[in-house]
Each structure stands twice: as C-alpha cells, then as structure tokens.
Amino acid sequence: MIEGCIFEIQRWSTDDGPGIRSTIFFRGCPLRCAWCCNPEAWARSGAPMSAEAILAAVERDRVFYRRSGGGVSFSGGEATGQPELLAHLAERLHGSGIHLTLETCGHFPWAPLEATLARMDLVYFDLKHMDSAAHARLTGQPNGLILANAARLAERGIPMILRLPLIPGRNDDPGNLAATGAFAAALGAPVELMPYHTLGVGKFRDLGLAYGLDGLAPPSAQALEQARLVLAGCGAKRV
C-alpha cells in the first residue's frame with residue numbers, strides 16, 4: 001500500500017491553478033525560505049495517509065472540476081519530496097482525465113520524477129534568486145539544480161509558469177530582476193510576481209522559530225509595477 005505524509009487537502013481552492021481545485025499539501029521541503037508561509041510543512045513527520053484515501057477525498061470534487069475547468073494541485077511543503085506517492089496519484093488522476101498542477105520549489109532529482117512531471121498539465125515553478133550564493137542565504141540551498149530542472153521542463157514542453165516571490169531588499173534589485181527576466185525569456189515561460197506577505201510570521205512564532213524578516217513590509221504597488229517593467233524589458237512574458 002502506497003502512503004505518505006500530508007498535512008492538508010484543501011477543497012474549493014482557487015489560487016493553485018485554473019478553476020476550482022483540490023490542493024494536496026505534502027509534508028517535507030528541502031528549502032528553508034525566510035518568508036515561508038507554511039513552515040509547519042517543513043518536517044516530513046506526520047500520520048501517514050494512504051494514496052487510496054487521498055484519491056477518495058479528491059474524487060468527491062470531480063463535478064466541480066468539470067464545471068469550472070479545475071482539477072487537482074500538488075503543493076506543500078514540496079510534493080516532489082515524496083516521489084512514490086506523487087507518481088501514484090498523478091498516474092491515477094491523469095488517467096481519469098483530471099487536470100493536474102504541480103507547485104514546486106524546483107529542488108528535486110530529475111530522473112525519478114521525469115515520468116510524473118510529463119503527466120502535469122501545468123507546473124508553477126519558483127525562482128527565488130538567480131544568484132546561487134544569494135539563493136543559499138535566503139533558502140538554505142544553492143540554485144543550480146533548480147535552474148537545471150526549469151530548463152528541462154521547458155525543453156520537454158511541459159506547460160510552466162515561473163513564480164518570483166518578490167521580497168523587498170532581498171531579490172527585488174534590478175540586477176536580479178533582469179537576470180530572472182532573461183532566464184524566463186530564454187525558456188519561453190511567463191513570470192508571475194508573488195508579492196511578499198506576512199502570513200507566515202505567526203506560524204514561525206507558534207513553532208518556536210525565529211522569523212528573519214521581522215518588520216519587513218510588503219512591496220508597494222509602485223515597486224511591483226517597476227519589477228514588471230524590468231522583467232518585460234528583458235523579454236519575459238507576463239501571466
């Protein structure tokens with residue numbers, strides 16, 4: 001029996017792909033982003049849930065997928081960190097005609113997941129910083145594997161939207177924005193800006209974790225528009 005660690009199945013989700021969706025949040029993540037809004041999902045520990053129970057939970061919403069053009073999204077944490085469970089769910093759901101979306105940080109081994117990724121109808125792929133050393137300071141990991149995986153997805157024609165969490169003073173400088181825009185343009189993938197927010201602050205404190213961005217305010221509307229202009233000026237498409 002295939003099972004894994006899930007911390008939530010969110011029904012009626014409208015922020016994790018097209019239409020009305022069921023979002024499966026996997027436990028475990030290889031990154032430790034300073035602004036993470038789901039730090040409770042970092043640890044893999046948790047009561048295991050069988051793949052059949054997960055499938056039964058999302059099957060109840062099939063009628064809403066059909067009417068809205070929705071489907072199932074895999075999020076986290078990081079869904080690719082449980083490759084056997086993700087593969088099983090993707091195979092079963094893809095085979096029954098349900099639209100599949102993966103939200104990923106991009107830090108995963110390619111070979112064990114190649115067949116699973118090919119079943120995705122859409123991948124939301126995070127690009128947190130183009131400089132590897134800066135990426136490591138912000139997330140705990142360098143970005144070489146992440147950039148390579150983004151290129152592999154583009155080469156195979158898997159629909160992908162690059163997501164840039166815009167963190168004031170960390171990755172919103174013109175140099176990083178230009179590098180991100182050029183990379184996106186080379187891949188032919190659009191970029192979606194994800195403005196920094198403070199929803200994770202309380203969770204860090206509840207878990208007894210230090211929040212490294214205390215006092216940081218979300219980017220202004222002007223800063224967001226300026227970032228969009230820099231990205232567009234480098235040839236990046238807008239979502």
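Quantities reported herein were computed from a predicted structural model and do not represent experimental measurements.

1. Focus on the overall build of the protein chain
No. 1: Counting its secondary structure elements, the protein chain contains 9 helices and 8 strands.
No. 2: Relative to a compact globule of 239 residues, whose C-alpha radius of gyration would be 18 Å, the protein chain shows 18 Å and is just as compact.
No. 3: With respect to the three principal axes, the spread of C-alpha positions in the protein chain is 50 × 40 × 35 Å.
No. 4: Looking at the protein chain residue by residue over its 239 residues, the buried ones come to 48%.
No. 5: Summarising the internal contacts of the protein chain: among those between residues at least 6 apart in sequence, 71% fall at separations of at least 24.

2. Side note on the sheet that holds strand β6 (residues 122-126)
No. 1: Spatially, β3-β1-β2-β4-β5-β6-β7-β8 is the arrangement adopted by the 8 strands of the open sheet, whose pairing is mixed. A strand with exactly one partner marks an edge of an open sheet, and here the two such strands are β3 (48-50) and β8 (191-195). Going across the sheet, the axis of each strand differs from the next one's by a mean of 30°, ignoring polarity.
No. 2: Inspection of the sheet shows β6 paired to strand β7 (residues 160-166) by 4 bridges, in the parallel sense. Bridging across to β7, Asp-126 finds its partner in Arg-163.

3. Looking at helix α3 (residues 83-95)
No. 1: Compared with the 18 Å implied by 1.5 Å per residue over 13 residues, the 18 Å span of α3 between its first and last C-alpha is a close match.
No. 2: Residues Leu-85, Leu-86, His-88, Leu-89, Ala-90 and Leu-93 constitute the buried set of α3.
No. 3: Where α3 is buried, its residues contact β1 (3-13), β2 (21-26), α1 (51-59), β4 (71-76), β5 (99-104) and α4 (114-117).
No. 4: Backbone geometry just downstream of α3 places Gly-97 in the positive-phi region, at approximately 85°.

4. Side note on the environment of Asn-143
No. 1: Assignment of secondary structure puts Asn-143 in the loop between α5 (132-139) and α6 (144-155).
No. 2: What makes Asn-143 buried here is its relative accessible area of 4%.
No. 3: If we skip the residues at most four places from it in the chain, Asn-143 touches His-129, Met-130, Asp-131, Ser-132 and His-135.

Rules used throughout
- Residues numbered from 1 in each chain as written.
- Predicted model: local features only at pLDDT ≥ 70, side-chain atom pairs only at ≥ 80, totals over all residues.
- Heavy atoms only, no water.
- Helix = DSSP H or I, 4+ residues; strand = E, 2+ residues; numbered from the N terminus.
- Rg over C-alpha atoms; globule rule 2.2 N^0.38 Å.
- Buried < 20%, exposed > 50% of the residue type's maximum accessible area, 1.4 Å probe, protein only.
- Contact = heavy atoms within 4.5 Å.
- Pairing = 2+ DSSP bridges.
- Axes fitted to C-alpha atoms, helices over the stretch in contact; angles between N-to-C directions.
- Expected span 1.5 Å × (residues − 1).

Read these as geometric descriptors, not functional statements.
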